[in-house]
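Close look at the chain arrangement
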Amino acid sequence: MVQEVLAQSQSLWQQGNQAGALALVRGVMVRLEQTPEADGAQLAAAVREFVRMALATGRAAEALALLVQLEPRLSQVADIWALRGNTAQRLGLHPQAVHAYLQALTLQPGQARWLLGAAVSLAAQGQTVPAADLAQQAGRAGYLPADVANYLQQLGVVMRTP
């Protein structure tokens, strides 16, 4: 049922009915949230879709509030933590972003994008040494785009050569 609702919401989105799409996803999330025995994977799928839509429509604060509210139900879902990190980062809430990315990495170590997300937020706070360490871990994991490396350098992160 959840997948059908998500497919329907994506169809509405593609037709330009963003409000309708968001309302559908919000409705399924409310139903799942009010059902304690509901499948956590279904709730996580609905949350992912809602956050994607909310970010696309400039509602990052609303997305972050939802992610914080649902933390007790989704605390063991690594990519939900990473979404929370990305959302907090978009809002300039770098300490929250670092915390969320590190939680994601605790659950699923070595994810290069999450390492870089944490590195960027650490660098934005002036914590350039730990930012360099995380960025280099991301590079060793095979993901350190030149534009992100340049951005980190602009923030004062000194990358050691391997």
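Structure: above.
Basis of the calculations
- Residue positions are counted from 1 within each chain, in the order its sequence is given.
- Given that this is a predicted model, residues contribute local features only at a pLDDT of at least 70 and side-chain atom pairs are listed and counted only at 80 or more, while totals for whole chains, interfaces and linings are drawn from all residues.
- Derived side-chain values reflect all non-hydrogen atoms in the structure, with water molecules and hydrogen atoms excluded from consideration.
- In this description, a line fitted to the C-alpha atoms serves as the axis of each element, helices being fitted only across the stretch in contact, and the angle between N-to-C directions of two axes falls anywhere from 0 to 180 degrees.
- Numbering of helices and strands starts at the N terminus; helices are DSSP runs of H or I of at least 4 residues and strands are runs of E of at least 2.
- Our angle categories are set so that under 35 degrees counts as roughly parallel, over 145 as roughly antiparallel, 65 to 115 as roughly perpendicular, and the remainder as oblique.
- Should the near helix be turned counterclockwise from the far one by less than a right angle, the crossing is left-handed, whereas a clockwise turn marks it as right-handed.
- Should any heavy atoms of two residues lie within 4.5 Å, those residues are counted as being in contact.
- Any residue that is not Ala, Val, Leu, Ile, Met, Phe, Trp, Tyr, Cys, Pro, Asp, Glu, Lys or Arg is counted as polar, Gly included; the first ten are nonpolar and the last four charged.
- Multiplying one less than the number of residues by 1.5 Å gives the expected span of a helix.
- For every residue, the accessible area (1.4 Å probe, protein chains only) is compared with the maximum for its type, and the residue is labelled buried under 20%, exposed over 50%, or partly exposed between those bounds.
- Between the rings of Phe, Tyr and Trp (Trp by its six-membered ring), a pair exists once the centres lie within 6.5 Å; its type follows the angle of the planes, with under 30 degrees stacked, over 60 edge-to-face, and the other angles tilted.
- Here, over-ring charges are defined by two tests on the NZ atom of lysine or the CZ atom of arginine: distance to the ring centre within 6 Å, and angle to the ring normal within 35 degrees.

Quick look at the packing of helix α8 (residues 112–124) against helix α10 (residues 146–154) now. With their axes 9 Å apart at the nearest point, α8 and α10 run at an angle of 20° to one another. Considered as vectors, α8 and α10 are oriented roughly parallel to each other. In terms of crossing hand, the pair formed by α8 and α10 is left-handed. On α10, the residues touching Leu116, Ala119, Val120 and Ala123 of α8 are Val148, Tyr151 and Leu152. When the residues that make up the contact of α8 with α10 are grouped by side-chain class, the tally is 7 nonpolar, no polar and no charged.

Attention now goes to helix α9 (residues 128–140). Its 13 residues place the ends of α9 18 Å apart at the C-alpha level, agreeing with the 18 Å of an ideal helix rising 1.5 Å per residue. Of all the residues in α9, the buried ones are Ala131, Ala132, Leu134, Ala135, Gln136 and Ala138. Where α9 is buried, its residues touch α8 and α10.

Another aspect to go through is the packing of aromatic side chains. Under the criterion given, the structure shown has 0 aromatic pairs. One cation-aromatic arrangement involves arginine 52 over tryptophan 13; the distance from NZ or CZ to the ring centre is 5.5 Å.

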